[in-house]
Amino acid sequence: MIGRREFLHSAVVGAGGLIFAKSLPFAFAADSSGPASRIEILLEEPLGTVSADIYGHFAENLSGVIYDGIWVGEDSKVPNVNGIRRRLIEEMRKIKPPVVRFPGGCFADSYDWRDGIGPRDKRPRRTNFWADGESSVAPASHKYDPNEFGTNEFAHFCTLIGAQPYLAANVRSLPAEEFYRWVEYCNSPAGSTTLADTRAAAGFGAPFDVHFWGVGNESWGCGGNFTAQEYAVEFRRYTTWVPRYGQQLAFIASGPNDDSWDWTRGFLEEIVRKGPRELHGIYGLALHYYAWNLSRGRTRNWIEGKGDALKFDAVDWYELLRQGDVMESLINGHWQVMSEFDHEHVVRLVVDEWGPWYRPGSELTPGDQLEQMPTLRDAVFSGMTLDIFNRHPEKVAMANCAQLINCLNSLYLAHEDRFCVTPVGHIFELYAAHQGGQSLRTIFSAPNVSYERDGKPATFWGLQGSASLHVKNLVLTVVNPHVSEPRETAISIRGAAAKSGTATIVTNSDIHAHNTFEQPDVVTPETKPLEVNGGSLTYTFSPASVTKLSIELG
Ligand code: AHR
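Nothing here was measured: the structure is a model prediction, and the numbers come from that model.

Undergrad: Looking at this model, I keep getting lost on helix H3 (residues 86-94). Mind explaining?
TA: Listed as buried for H3 are Leu88, Ile89, Glu91 and Met92. On its buried side, H3 packs onto strand E2 (56-58), strand E3 (80-81), strand E4 (84-85), helix H5 (151-161), strand E14 (412-415) and strand E15 (418-421). Two residues or fewer after H3 comes Lys96, characterised by a positive phi angle close to 50 degrees.

Here it is as structure tokens:
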């Protein structure tokens with residue numbers, strides 16, 4: 001049985017640091033003779049609406065992401081819709097993708113959008129930002145961008161999958177004029193401007209109505225090597241006069257990397273120097289966080305600190321989850337810094353790059369730069385991360401998993417006519433049910449996972465997750481990080497009784513399990529009916545699993 005001290009600790013962790021006093025009566029009211037693990041869902045404590053946009057994607061013009069992953073070309077033998085891989089479209093429709101970010105990433109600040117419009121056979125070939133990292137076996141299109149996939153093709157891809165486009169503009173190497181001309185190309189009404197005519201000549205008479213615009217990418221690094229103050233000046237300049245064509249534009253500022261509180265502080269300090277009204281010109285501040293350092297504190301070296309995607313032990317499993325768990329403190333920390341300048345929280349966080357990043361070597365298609373093999377570990381990591389976003393609906397407006405296909409934490413892997421959905425893709429399928437629901441305060445209390453980390457005792461939380469309400473349907477997603485122990489758990493729904501439900505589980509007996517072109521169904525979700533006894537629920541979460549309980553309330 002879990003002790004009081006342990007319980008208090010895990011209740012605080014479970015509440016994500018929220019109004020602890022409020023959680024106590026419910027927590028202690030639970031029956032002390034039941035299972036050691038408990039989940040309490042507080043129907044009367046909504047936290048805000050889960051923005052569908054936190055289930056967003058990111059597709060950079062990087063190695064096999066666009067050419068081979070998304071774009072196969074109209075004349076390809078690979079089944080396609082106007083050059084776009086048909087299987088990808090079909091799979092993405094299942095996960096209700098809200099938004100896709102393109103064309104980068106670092107690529108964005110070297111991209112001239114004009115290269116990617118007009119007749120495809122007349123478009124120039126340009127050196128890709130990532131060319132120097134490409135191996136000798138990489139196809140030419142990965143080094144020298146043929147520009148076959150440009151604004152029109154991207155907008156069309158978004159229409160086919162039902163997502164909104166999110167374009168990242170070039171601040172490092174194009175003038176501000178080119179930013180508003182790109183907006184003009186995308187959004188000016190049919191017949192109104194020369195650029196609208198150019199768009200119509202390509203078959204797109206109606207405007208694309210692009211709402212989300214990134215103003216540079218990682219402007220502290222590849223996006224211009226600015227200081228936060230310098231970038232804030234550029235941000236104001238680039239966004240000062242941009243035509244609206246009757247719609248609100250959402251400008252997303254290049255934000256901090258990890259825990260660079262100074263970037264957040266410096267940027268906002270400079271923005272409000274011209275007055276607090278300036279904040280209203282910013283929709284979101286982009287936070288980038290990759291879990292890459294699996295060295296257990298031995299180094300901060302970007303190359304040496306990385307772990308392997310496929311070769312790992314139980315300690316490496318927990319280490320990755322510990323790294324990923326940092327996301328919650330980054331959201332809380334940057335939010336706190338933002339409040340120093342943005343007292344009313346006009347600006348929200350946009351986590352437009354997140355995921356694990358391993359050393360090279362596990363790519364399914366040899367030569368694909370930054371491609372790695374997602375395993376069950378990455379599925380659990382992704383479930384945990386999406387739960388964190390769900391728990392902070394007032395802070396996180398959008399998030400974009402890096403990256404969609406043939407890259408880091410990819411949902412899909414593809415090469416020529418071969419394709420598979422990764423365990424991460426299945427997590428997005430599971431979690432789509434949260435979109436648009438009311439996030440509910442939910443308390444998780446479970447014995448910690450205890451293990452040995454380099455000869456010293458270490459712990460990690462025992463159960464975590466998130467819940468959202470959709471009229472009479474409750475969606476609860478839960479991660480059990482323990483590599484070998486199931487967690488029998490009493491689930492209390494405060495304010496209603498469960499009538500019926502289903503459980504959908506992503507797990508495997510092997511923590512390294514992953515899907516390949518030859519074996520695409522090693523890790524797939526399994527759905528079972530849920531046993532509900534007189535409104536109360538006890539459920540055993542499998543080891544190393546992500547579970548979605550979909551519960552009809554009485
Ligand atoms: O996702 C890969 C790269 O990681 C992106 O291009 C860049 O923004 C980040 O550093």
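Back to the write-up after that little detour.
Undergrad: Explain the pattern of salt bridges to me, please; I cannot follow it from the model alone.
TA: Proximity of charged atoms lets side chains of opposite charge pair with each other. For the coordinates displayed, the defined rule picks out 31 salt bridges. The salt bridge partner of Lys94 is Glu91, with a shortest N-O separation of 3.2 Å. Within this pair, Lys94 and its partner Glu91 are both found in helix H3, separated by three residues, close to a single helical turn. Given the relative accessible area of 8%, Glu91 is considered buried. Among the charged side chains, a network of salt bridges with common partners joins Arg296, Arg298, Asp313, Asp316 and Asp454.

Undergrad: Hey, could you run me through the state of the cysteines in this one?
TA: Here a disulfide denotes one covalent bond, and it connects the sulfur atoms of two cysteines. Evaluation of the coordinates by the stated rule reveals one disulfide. The disulfide bridge from Cys106 ends at Cys222, spanning 2.2 Å between sulfur atoms. The sign of the S-S torsion, about -85 degrees, decides the handedness of the disulfide formed by Cys106 and Cys222: left-handed. Pair noted here: Cys106 is in the loop between strand E5 (99-102) and strand E6 (126-127) and Cys222 is in the loop between strand E9 (212-215) and helix H8 (228-239), with a separation of 116 residues, a long-range link. For the pair Cys106 and Cys222, one class covers both residues: buried.

Undergrad: Explanation requested: the nonpolar core in the structure shown.
TA: The tendency in soluble globular proteins is for nonpolar side chains to be buried as a group. Core analysis: the biggest nonpolar cluster contains 130 residues, and Ile70, Phe157, Trp213, Phe267, Trp354, Phe389 and Tyr412 have the highest contact counts within it. Per-element tally for this core: the top contributor is helix H10 (residues 314-341), with eleven residues. For Phe267, the residues in contact, after removing those within four places along its chain, are Ala228, Tyr231, Ala232, Phe235, Ala253, Ile282 and Leu285. Counting 23 residues, the second-largest nonpolar core is a separate cluster that includes Ile41, Leu474, Ile491 and Phe541.

Undergrad: Sorry if this is basic, but what is going on with the site of the ligand here?
TA: Every one of the 13 residues lining the ligand counts as a neighbour, but Glu60, Cys106, Glu218, Tyr290 and Glu353 are closest to it. One of the side-chain nitrogen or oxygen atoms of Glu60 is found 2.6 Å away from an oxygen atom of the ligand. Glu218 is positioned with one of its side-chain polar atoms (N or O) 2.8 Å from an oxygen atom of the ligand. Taking 280 Å² as the accessible area of the ligand by itself, protein coverage stands at 93%. For the shell around the ligand, the class distribution of residues is seven nonpolar, three polar and three charged.

Undergrad: Can you walk me through the layout of surface pockets in this structure?
TA: In this approach a probe as big as a water molecule rolls over the atoms, and the regions it shows empty are the leftover space. Looking at the largest pocket, its volume works out to about 380 Å³. Lining the largest pocket are 18 residues; nearest its centre among them are Asp258, Trp292, Asn293, Arg300 and Gln323. Secondary structure elements with two or more residues in the lining of the largest pocket: strand E11 (284-291) and H10. Per element, the largest residue contribution to the lining of the largest pocket is five residues, and it comes from H10. The residue makeup of the lining of the largest pocket, split by class, is six nonpolar, five polar and seven charged.

Undergrad: Which parts of the structure should I look at to understand the packing of helix H9 (residues 261-272) against H10?
TA: Packed helices, taken two at a time, are described by the angle between their axes plus the distance between the axes. It is at 9 Å that the axes of H9 and H10 come closest, and there the two elements cross at 25 degrees. With respect to each other, H9 and H10 are oriented roughly parallel. Crossing geometry of H9 relative to H10 is assigned as right-handed. Here Trp261, Thr264, Arg265, Leu268, Glu269 and Val272 of H9 come into contact with H10, specifically with Ser329, Leu330, Gly333, His334, Val337, Met338, Glu340 and Phe341. Considered class by class, the residues forming the contact of H9 with H10 number seven nonpolar, four polar and three charged.

Undergrad: Help me understand the pairing of strand E16 (residues 438-445) in this model?
TA: Where a strand is regular, its side chains alternate between the two sheet faces. Most of E16 sits inside the fold, with seven of its eight residues counted as buried. Of the strand pairs in this sheet, E16 and strand E19 (residues 464-470) are connected by three bridges, and their pairing is antiparallel. From the neighbouring strand, Leu440 faces E19, where its bridge partner is Ala467.

Undergrad: Explain the packing of aromatic side chains to me, please; I cannot follow it from the model alone.
TA: Any two aromatic rings considered together are summarised by their centre-to-centre distance and by the angle between their planes. Overall, the coordinates contain 31 aromatic pairs when judged by the stated rule. Where Trp182 meets Trp213, the ring centres are 5.5 Å apart and the plane angle is 75 degrees; that geometry is what we call edge-to-face. Of this pair, Trp182 sits in helix H6 (residues 176-187) while Trp213 is found in strand E9, placing the two residues 31 residues apart along the sequence. Given the relative accessible area of 3%, Trp182 is considered buried. Its guanidinium or amino end placed over the ring of Phe58, Arg101 lies 4.6 Å from that ring's centre, counting from NZ or CZ. In this structure, Lys306 is placed above the aromatic ring of Trp302, and the distance from its NZ or CZ to the ring centre is 3.8 Å.

The rules behind the values
Residues numbered from 1 in each chain as written. Predicted model: local features only at pLDDT ≥ 70, side-chain atom pairs only at ≥ 80, totals over all residues. Heavy atoms only, no water. Buried < 20%, exposed > 50% of the residue type's maximum accessible area, 1.4 Å probe, protein only. Helix = DSSP H or I, 4+ residues; strand = E, 2+ residues; numbered from the N terminus. Contact = heavy atoms within 4.5 Å. Salt bridge = Lys/Arg side-chain N within 4 Å of Asp/Glu carboxyl O. Disulfide = S-S within 2.5 Å. Core = buried A, V, L, I, M, F, W, Y, C linked by side-chain atoms within 4.5 Å. Near = heavy atom within 4 Å. Polar contact = N/O pair within 3.5 Å; in protein donor to acceptor, adjacent residues only side chain to side chain. Areas by Shrake-Rupley, 256 points an atom, 1.4 Å probe, with all protein chains shown as cover. Nonpolar A, V, L, I, M, F, W, Y, C, P; charged D, E, K, R; others polar. 1 Å grid on protein atoms, 1.4 Å probe; cavity = no way out; pocket = protein on both sides within 12 Å on 5 of 7 lines; lining within 4 Å. Points joined across faces, edges and corners; volume = space filled by probe spheres on them. Axes fitted to C-alpha atoms, helices over the stretch in contact; angles between N-to-C directions. Parallel < 35°, antiparallel > 145°, perpendicular 65-115°, else oblique. Left-handed = near helix turned anticlockwise from the far one by under 90°. Pairing = 2+ DSSP bridges. Phe/Tyr/Trp six-rings, centres within 6.5 Å; stacked < 30°, edge-to-face > 60°. Lys NZ or Arg CZ within 6 Å of the ring centre and 35° of its normal.

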